[in-house]
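# Structural overview
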Amino acid sequence: MIKLLKYTCMMMLLLTMGSCKKFLTETPVAQLAAEKFYKSKYDIDAAMAGMYSAFQQTMVGEGQYLDRYHYWGDYRSDNFDRFLNYTTTHVSEIALNAITPDNIYTDWSMLYTVIARANNNIKYIPPVMALDLSVTPVVVDANLAQSYAMRAMCYFYIVRVWGDAPIWLEPYDDVNMDAQRPRESAAKILDEVVIKDLTKAYGMIVKNQTAAVYNINEGAICAALADAYMWKKDYPNAIIWIKNLFKARSPKGAAYAGVSDVNLEPTATWKNIFTSPSTSPETIWSLHWDFVANGCACNVTSWTSNNKTFQVDPILYTNYFFPHSQTVRPNTDIRPKQTLDLYTVANPANNNRDRFLKYYASPTNPTATTSTAALALFYNQQVPVYLTMYRLSDMYLLYAEALNGSGDLSNALRYLNYIRKRATLQEYLVTDPKVSTQAAMENAILEERQYELIGEGKRWFDLVRTNKVKEVMDPVLKDRQTRAGNNDINGFVDVRRAYWPISRAVLNANKKLVQNPGYGE
């Protein structure tokens, strides 16, 4: 698909609303322009590539250190803190929970651009069957399934980041259409768009196929539905869709199964999930950013240590990572040394905490600095980066949470322990106070998700979804405010600010929008 990108970009000048920031005010093109394009299987492939590339660019960013995947899902949480040597205004706002509508990450326009491309596909792909004999109903359904699911994923991000939002389910191709729409409730979007679209996509997707992990596939649709139902705290439906996921096939061609730790990527090759997702039995859906085709995947969360604006939070580093840099470690956990470079400097206590190894090839059990600065730069700029959207460990832990929420503590413990066993940690006993009650079990699962999924864009959403933002972030923010020399050490005061504000530019473009409460507008 990437090879079609050049052609796709030309096509998208005709089919979408132009610049992302002008999405809600741009004059639409005539309907004829789109109909002139969707004429063949080649056109469909180009349109699909355009949709995927727009989502890739939204997540990875259109320039250095603009990876929204991490800004929306990780950087507001207790996983990362600003790097004071290189911080910027928008970074400090995020780290200190002082986000303003002028922060560049408050703009949802790029997600609406992806939605616009999905809407075009949904409307214009079916008629191509009458024009190209190679476009069969199977081809149409496969592309519609991915388009519906992509639209759902974009709205799911919007709901989790901003809450209420305008709904667009058709192309903006009529000059008589009102370009300005008010916000619809998050609950309505979740039920009538996200879950409805994903359910429709599941009905269209061909089942029991070996997963194409860089496309939205059967397993990805099931995982997203489970995730959406967990956001609603609808545990029975989440469990249904996780069980449907277990029936789907992995990149290895076998069913995910979900019966034990044996179905996960083995301990010895844990890194394959991130460095070779197309060969891992655990991968469900990953984003493939290729240096040759796409340029540098210059994420803040990367191997290189050049002037990055975020680093692992000092509390998390002290409690989880730093002990594993010592000769005597607190436990046998395989993950810390393969997630973060613990040996950048002679004294690990002074580590900058910013060289993130997870998505890059590195020794399984490093005992010293993992690379020179030159090699780190090479890895940051010239190798593919595969950002994980969903994988089996994520779903095991989500399954454990759903089972626990349903009162099935014994099976919840079983799935939690599968992750600990693979990490070579001691498994919890049923009598352990950390897992002996529903509340304790939920905290143990969330802690394991933090360690297993750090840097995978999940932590902030986990805290919001479980209503634990204030509980977790209050002491973290007080620590940050103290270190910043603030006069008012007040922690996370306003729980309404768990949602992001809407960009001022977006508000100015659509006068029917109302700012999220807690942001003074």
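These numbers were taken from a predicted model, which means no experiment stands behind them.

What follows covers the packing of helix H9 (residues 218–231) against helix H16 (residues 392–405). Packing of H9 against H16 brings their axes to within 11 Å, and their N-to-C directions diverge by 35°. Where H9 crosses over H16, the two elements pack in a sense that is left-handed. Of the residues in H16, those in contact with Ala223, Ala226, Asp227 and Met230 of H9 are Met395, Leu398, Glu401 and Ala402. In terms of residue class, the contact of H9 with H16 is built from six nonpolar, no polar and two charged.

Locating Asn119 in the fold gives a position in helix H6 (residues 109–124). For Asn119, a relative accessible area of 3% translates into the label buried. Leaving out residues up to four positions away in the same chain, Asn119 has contacts with Arg151, Trp168, Leu169, Glu170 and Pro171.

Okay, the pairing of strand E2 (residues 283–289) next. With six of seven residues buried, E2 is to be regarded as a mostly interior element. Here E2 runs beside strand E4 (residues 385–391); their pairing, made up of six bridges, is antiparallel. Residue pairing in the sheet places Leu287 in a bridge with Leu387 of E4.

Before going further, it helps to examine the environment of Leu392. Within the element layout of this structure, Leu392 appears in helix H16. With 129 residues separating them in the primary sequence, Leu392 and Asn263 have C-alpha atoms 8.4 Å apart.

What follows concerns helix H17 (residues 409–422). With 14 residues, H17 should reach 20 Å at 1.5 Å per residue; the first-to-last C-alpha distance of 20 Å fits that figure. Looking at H17, one finds that the buried residues are Ala412, Leu413, Tyr415, Leu416, Asn417, Tyr418, Ile419, Arg420 and Arg422. Looking at the buried positions of H17, the neighbouring elements they touch are helix H10 (235–247), helix H11 (272–275), E4, H16 and helix H18 (438–453). Looking one or two residues beyond H17, the residue adopting positive phi is Thr424, at roughly 65°.

When the terminal C-alpha atoms of helix H20 (residues 469–483) are compared, their 20 Å separation across 15 residues agrees well with the 21 Å that a helix rising 1.5 Å per residue should span. Turning to H20, its buried residues number three or more, namely Val469, Val472, Met473, Asp474, Val476, Leu477, Arg480 and Gln481.

On to unusual backbone geometry. The phi dihedral of Asn208 falls on the positive side, at around 60°, and the residue is not glycine. The topology assignment puts Asn208 in the loop between helix H8 (186–204) and H9. Classification of Asn208 as partly exposed rests on a relative accessible area of 45%. Phi is positive for Asn467, which is not a glycine, with a value near 60°. Checked against the element boundaries, Asn467 lands in the loop between helix H19 (459–465) and H20. Exposure remark for Asn467: the relative accessible area of 61% places this residue in the exposed category.

Right, let's talk about the side chain of Asn510 for a bit. Looking at the element boundaries, Asn510 is found in the segment after helix H21 (504–509). Only 2.8 Å separates the side chain of Asn510 from the backbone oxygen of Arg181, close enough to count as a polar contact. Within the structure, the side chain of Asn510 is placed 3.0 Å from the backbone nitrogen of Lys512, a separation counted as a polar contact.

A few words now on the environment of Pro501. Considering the arrangement of structural elements, one finds Pro501 in the loop between H20 and H21. For the pair Pro501 and Val161, spaced 340 residues apart in the sequence, the C-alpha separation amounts to 8.8 Å.

Per-chain confidence: the protein averages 89 in pLDDT, with 88% of residues scoring 70 or above. Below a pLDDT of 50 lies the segment residues 1–32, which in the model reaches 66 contacts outside its immediate sequence neighbourhood of four places, other chains included.

Going through the model one piece at a time under the given rule, you end up with 38 salt bridges. When the shortest N-O distance is used, the salt bridge between Glu448 and Arg335 registers 2.7 Å. Of the two residues, Glu448 sits in helix H18 while Arg335 sits in the loop between helix H13 (314–321) and helix H14 (336–339), which places them 113 residues apart along the sequence. Here Glu448 falls in the buried class, since its relative accessible area comes to 1%. Relative accessible area serves as the criterion here: at 1%, Arg335 is assigned to the buried category. The salt bridge involving Arg496 is made with Asp494; its shortest N-O contact spans 2.9 Å. Salt bridges sharing common partners tie together Glu282, Asp333, Arg335, Lys358, Arg391, Arg420, Arg422, Glu448, Glu452 and Glu456.

The rules behind these values
Residues numbered from 1 in each chain as written. Predicted model: local features only at pLDDT ≥ 70, side-chain atom pairs only at ≥ 80, totals over all residues. Heavy atoms only, no water. Axes fitted to C-alpha atoms, helices over the stretch in contact; angles between N-to-C directions. Helix = DSSP H or I, 4+ residues; strand = E, 2+ residues; numbered from the N terminus. Left-handed = near helix turned anticlockwise from the far one by under 90°. Contact = heavy atoms within 4.5 Å. Nonpolar A, V, L, I, M, F, W, Y, C, P; charged D, E, K, R; others polar. Buried < 20%, exposed > 50% of the residue type's maximum accessible area, 1.4 Å probe, protein only. Pairing = 2+ DSSP bridges. Expected span 1.5 Å × (residues − 1). Polar contact = N/O pair within 3.5 Å; in protein donor to acceptor, adjacent residues only side chain to side chain. pLDDT = per-residue confidence, 0-100. Salt bridge = Lys/Arg side-chain N within 4 Å of Asp/Glu carboxyl O.

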